[in-house]
Amino acid sequence: MMQLSADLLITGAAQLLTFSGLDGPRTGSEMSNLSLVEDGALAARDGKIVAVGKTSEVVKNVALLPGAQVVSAHGKVVMPCFVDPHTHLVCGGSREGEFLLRLDGAEYLDILAAGGGILSTVKATRQASEAELLQKGLKLLDHFLCAGVGTVEAKSGYGLDMETELKQLRVAHSLDNTHPVDVVHTFLGAHAFPPEFAGRREEYVDLIVGELIPKVAAEGLAEFCDVFCENTVFTIEQSRKILEAGKQHGLKPKIHADEIVSCGGAELAAEVGAVSADHLLQISNQGIKKMAEAKIVAVLLPGTAFFLMKDKFAPARRLIEAGVPVALSTDSNPGSSPTQAMALILSLACLGMKMKPAEALTAATINAAYAIDRGHLVGSLEVGKKADILIMDAPNYNYIPYHYGINLVETVFKNGKKVVG
Ligand code: IZC
Ligand code: ZN
């Protein structure tokens, strides 16, 4: 047999979590099947995986190129990099003051209604230069990479005007070009109503539909269009109008749905054929059924429920039992979830939503990749996919969410190159 040549070889993993063998996101009991190989190995060349399997097999089939890296993962877990499918990465300012208000009992949406919250970040983002936003974003991506995240989605939505929305998206593209973490772009002009449109909400919706979406699409600045659908923010009707306009311009729909009150966001996601519906704490039974039928990925954000001190998390068990593919995300943003610690999100998913560690790992890798239409590139360790790989200082995968709030990521390979460790 002809040998494969490789410039990276990782051998002897106690548990190699491949998530291989299925097309599409995992649902139901498939979410507990990690396609695990004991004493596993993986070889890569030019940033792509060329062989995966038992160490004895992979070693036999691979010829090392001069200068190849050979790494022992003896006693460790090897897995794909995490994928974070929902972040508000590019932003100005910070909101610790709001934290104090919330600890005194103020509600997240009341702070927004009073001109704070998202709108305070809008003010800071409008004032910030591209260079400042870039520096801030690079710092967050460093945190993500150290936490084992190889790909993040990044939303605009702190501009709410043409100039600043474009500025945020341009910065997100610069981040993608300058940092090892891959950035996927989402337009979220429908994140809040800008203060200058007070009392003229429909006019802002018209601006999004008539000017912002066409410009963002024409400049190739985003792949997805998202809406913060919530009855005191963008209504179902406004959200439908915006997501349909996005579709007409080639932007795939995503939606912040049913987070604070149940208002039919999940049903709308199914109606417009969204790639994902996110949050879903208040999803209706009908919404669950529709999402399962349409195979829409549910992106759950337990860090946000935790940080907003909600007494309720999204119904992960009911979603999984109904056959909805579940993904996890940090929701990294300066207000409701200022973290990049993906492994902590897995712990919260287990503790708050009763997901099993295996389900949480599936949700944060292969299903998260499908939530941003990257299932063909990342999220599993399969021949042809990106060599985005983690070595975890953990003897088995249950150990990872069990040890909460600490970083067990020992080594990160991005496109086959060691970038952490
Ligand atoms: O800045 O508060 N939920 N948008 C919707 C956010 C949280 C981000 C923020
Ligand atoms: Zn969000």
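As shown above, the structure is provided for reference.
Only a predicted model underlies this, so the values are computations on that prediction, with no experimental measurement involved.

Participant: For this particular structure, what's the right way to read the site of ligand 1?
Facilitator: Around ligand 1, the surrounding shell consists of His-88, Arg-95, Tyr-108, Ile-118, Tyr-158, His-191, Phe-228, Asn-333 and Ser-336. In the model, an oxygen atom of ligand 1 is placed 2.4 Å from a nitrogen or oxygen of the Tyr-108 side chain. Look at ligand 1: alone it shows 270 Å² of surface, and the protein chains cover 100% of it. Considering only residue class, the shell around ligand 1 consists of 4 nonpolar, 4 polar and 1 charged.

Participant: What's the story with the packing of aromatic side chains in this structure? I'm lost.
Facilitator: Given two aromatic rings, their pairing is described by the distance between the two centres and the angle made by the two planes. Counted according to the given criterion, the structure contains 5 aromatic pairs. Pairing Phe-193 with Phe-234 gives two aromatic rings, centres 4.2 Å apart and planes at 20°, and the pair type is stacked. Of this pair, Phe-193 sits in the loop between strand 8 (182-190) and helix 7 (201-218) while Phe-234 sits in the loop between strand 9 (224-227) and helix 8 (236-248), and the two are 41 residues apart along the sequence. Both residues of the pair, Phe-193 and Phe-234, belong to the buried class. Measuring from ring centre to ring centre gives 5.3 Å for Phe-197 and Tyr-204, while their planes differ by 55°; the resulting arrangement is tilted. By relative accessible area, Phe-197 is classed as buried at 14%. Overall, Tyr-204 belongs to the buried group, its relative accessible area being 0%. Among the aromatic residues, those joined into a cluster by ring pairs are Phe-193, Phe-197, Tyr-204 and Phe-234. Note that Arg-200 overlies the ring of Phe-197, its terminal NZ or CZ placed 4.6 Å from the centroid. One cation-aromatic arrangement involves Lys-254 over Phe-224; the distance from NZ or CZ to the ring centre is 5.4 Å.

Participant: Got a minute to help me understand the coordination of the zinc ion (ligand 2) in this structure?
Facilitator: By definition of the ideal shapes, a tetrahedral metal site with four donors has angles of 109.5 degrees and an octahedral site with six donors has angles of 90 or 180 degrees. Every protein donor of the zinc ion (ligand 2) is listed here as His-86 (NE2), His-88 (NE2) and His-256 (NE2), and their distances to the metal cover 2.0 to 2.1 Å. We note that the donor set of the zinc ion (ligand 2) lies within a single chain, spaced as H-x1-H-x167-H. We note that His-86, like His-88, is buried.

Participant: Sorry, what's going on with the nonpolar core here?
Facilitator: Nonpolar side chains in soluble globular proteins tend to be buried together. Residues Phe-234, Leu-300, Leu-328 and Met-355 are the most contacted members of the largest nonpolar core, which totals 125 residues. Grouped together as the second largest cluster of nonpolar side chains are 16 residues, Ile-10, Ala-13, Leu-42 and Ala-44 included.

Participant: Is there a simple way to think about helix 10 (residues 285-294) in this case?
Facilitator: Working note: α-helix, 3.6 residues per turn, so residues spaced by three or four point in the same direction. For helix 10, the full list of buried residues reads Gly-287, Ile-288, Met-291 and Ala-292. For helix 10, the angular spread of the buried residues around the axis is 130°, confining them to a single face. Exposed residues pointing more than 90 degrees away from the buried face of helix 10 are listed as Asn-285 and Glu-293. Phi turns positive one or two residues past the end of helix 10, at Lys-295, with a value near 55°.

Participant: Which parts of the structure should I look at to understand the pattern of salt bridges?
Facilitator: For side chains of opposite charge, pairing can occur when their charged atoms come near one another. Throughout the structure, instances matching the rule amount to 24 salt bridges. For Lys-155, the salt bridge is made with Glu-153, and the minimal N-O distance between the two is 2.7 Å. Relative accessible area serves as the criterion here: at 1%, Lys-155 is assigned to the buried category. Glu-153 sits in the buried class, given a relative accessible area of 0%. Of the charged contacts, one joins Lys-155 and Asp-226 as a salt bridge, the two residues approaching to 2.7 Å between their closest N and O atoms. Highlighted residues: Lys-155 in strand 7 (residues 149-155) and Asp-226 in strand 9, separated in sequence by 71 residues. Just as Lys-155 is buried, Asp-226 falls in that class too. Put simply, Asp-182, Lys-386, Asp-388 and Lys-414 are held in one network by salt bridges that share partners.

Conventions and cut-offs
Residues numbered from 1 in each chain as written. Chains lettered and ligands numbered in written order. Predicted model: local features only at pLDDT ≥ 70, side-chain atom pairs only at ≥ 80, totals over all residues. Heavy atoms only, no water. Near = heavy atom within 4 Å. Polar contact = N/O pair within 3.5 Å; in protein donor to acceptor, adjacent residues only side chain to side chain. Areas by Shrake-Rupley, 256 points an atom, 1.4 Å probe, with all protein chains shown as cover. Nonpolar A, V, L, I, M, F, W, Y, C, P; charged D, E, K, R; others polar. Phe/Tyr/Trp six-rings, centres within 6.5 Å; stacked < 30°, edge-to-face > 60°. Helix = DSSP H or I, 4+ residues; strand = E, 2+ residues; numbered from the N terminus. Buried < 20%, exposed > 50% of the residue type's maximum accessible area, 1.4 Å probe, protein only. Lys NZ or Arg CZ within 6 Å of the ring centre and 35° of its normal. Donors = N, O, S within 2.8 Å, 3.2 Å for Na, K, Ca; no water. Core = buried A, V, L, I, M, F, W, Y, C linked by side-chain atoms within 4.5 Å. Arc of directions from axis to C-beta. Salt bridge = Lys/Arg side-chain N within 4 Å of Asp/Glu carboxyl O.

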